[in-house]
Amino acid sequence: MSDLNEVGERDNWICWLCDTPVDPDASVNSDRGPSVDSYSVAKSKKNVVTVERLAHRDCNTMKGKKAPVVPWGPELLVVDPSPIVATVDRLQRKGGREVIARCPSQEDAEQASEWLLDRLSRYAPDFSVSTQITSGGGQYMLFLVAN
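Summary of the structure given here. Quantities reported herein were computed from a predicted structural model and do not represent experimental measurements.

So, on to the environment of Leu91. For Leu91, the position within the fold is in helix 3 (residues 84–94). The sequence separation of Leu91 and Asn147 amounts to 56 residues, and the corresponding C-alpha distance is 9.6 Å. For Leu91, the residues in contact, after removing those within four places along its chain, are Gly96, Arg97, Glu98, Phe127, Leu144 and Ala146.

Attention now goes to the state of the cysteines. The tally for this structure, following the rule as stated, stands at zero disulfides. With no disulfide of its own, Cys15 lies 3.7 Å from the sulfur of Cys18, the closest cysteine sulfur. Looking at Cys15, the relative accessible area reads 0%, which means it is buried.

On to the sheet that holds strand 3 (residues 97–103), then. Read across the open sheet, the three strands follow the order 3-5-4; overall the sheet is antiparallel. Strands with a single pairing partner mark the edges of an open sheet, and in this sheet they are strand 3 and strand 4 (129–136). On average, each strand axis in the sheet is tilted by 25 degrees relative to the strand beside it, whichever way the strands run. Alignment of strand 4 against strand 5 (residues 139–146), held across eight bridges, turns out to be antiparallel. Paired with Ile133 across the two strands is Leu142, which belongs to strand 5. Lying over the sheet, helix 3 contacts strand 3 and strand 5, oriented at roughly 155 degrees with respect to strand 3. Most of the contacts of helix 4 (residues 106–123) go to strand 4, to which it runs at about 165 degrees, and overall it touches strand 3, strand 4 and strand 5.

This part is about the pattern of salt bridges. As enumerated under the stated definition, the model contains seven salt bridges in all. Here Asp31 makes a salt bridge to Arg57, at a shortest N to O gap of 3.6 Å. Within this pair, whereas Asp31 is found in the loop between helix 1 (4–10) and strand 1 (34–42), its partner Arg57 is found in helix 2 (residues 57–63), the two being separated by 26 residues in sequence. Residue Asp31 is classed as partly exposed on the basis of its relative accessible area, which comes to 47%. For Arg57, a relative accessible area of 32% puts it in the partly exposed group. Connected via shared salt-bridge partners are Arg10, Asp11 and Arg53.

Attention shifts here to the packing of helix 3 against helix 4. Between helix 3 and helix 4, the least distance of the axes is 12 Å, while the angle of their chain directions is 70 degrees. Relative to helix 4, the element helix 3 is oriented roughly perpendicular. Each of Ile84, Val85, Val88 and Asp89 in helix 3 lies in contact with helix 4, whose residues at this interface are Trp115, Leu116, Leu120 and Tyr123.

Rules and cut-offs
- Throughout this document, residue positions are counted from 1 along each chain, in the order its sequence is written.
- Totals for whole chains, interfaces and linings use every residue, but because this is a predicted model, local features are given only for residues with pLDDT of at least 70 and side-chain atom pairs only at 80 or more, for both listing and counting.
- With hydrogens and water stripped out, all remaining heavy atoms of the structure feed into the side-chain values.
- What counts as a helix is a DSSP run of H or I of at least four residues, what counts as a strand is a run of E of at least two, and both are numbered from the N terminus.
- Throughout, a contact is declared for two residues whenever any of their heavy atoms are within 4.5 Å.
- When two cysteine sulfur atoms are found within 2.5 Å, that pair is recorded as a disulfide.
- When accessible area is computed with a 1.4 Å probe and restricted to protein chains, residues below 20% of their type maximum are described as buried, those above 50% as exposed, and intermediate ones as partly exposed.
- Two strands pair under a simple rule: DSSP has to find at least two bridges between them.
- The convention used is that axes are lines fitted to C-alpha atoms, helices contributing only their stretch in contact, and that angles between N-to-C directions extend from 0 to 180 degrees.
- Criterion for a salt bridge: a side-chain nitrogen of Lys or Arg within 4 Å of a carboxyl oxygen of Asp or Glu.
- Reported orientations rely on four angle classes, namely roughly parallel under 35 degrees, roughly antiparallel over 145, roughly perpendicular from 65 to 115, and oblique for the rest.

Read these as geometric descriptors, not functional statements.
Structure representation (structure tokens):
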């Protein structure tokens, strides 16, 4: 396991699960204190890579009770957003592209795209992705593309 301070510095003291700041000076025994979360990413059937990320202690503990969720920003206007964690996991395994959200306007889709790419730079920093916006049926589809 890595040093908490190394992981915290690398992740800019932001919880990978809730995307809010983690106080580096808080007690590790506090619910909102820092902790290192290790999770496995299957690269193939035989090869599993363990990734360490910074998380609040309570976010890390709750993850054990339910699947991790990376929430969409409340300021975004997205319809039927896909679960970010599951979509990223699938794209890392299979490649390609997936519709990750629908937006009512081009501007909303661009804002969601910028937010998503920024969020993924912290959630999956080693995963190269881009977004595509396609109009159709009076809406804008936001695709996440594995590069």
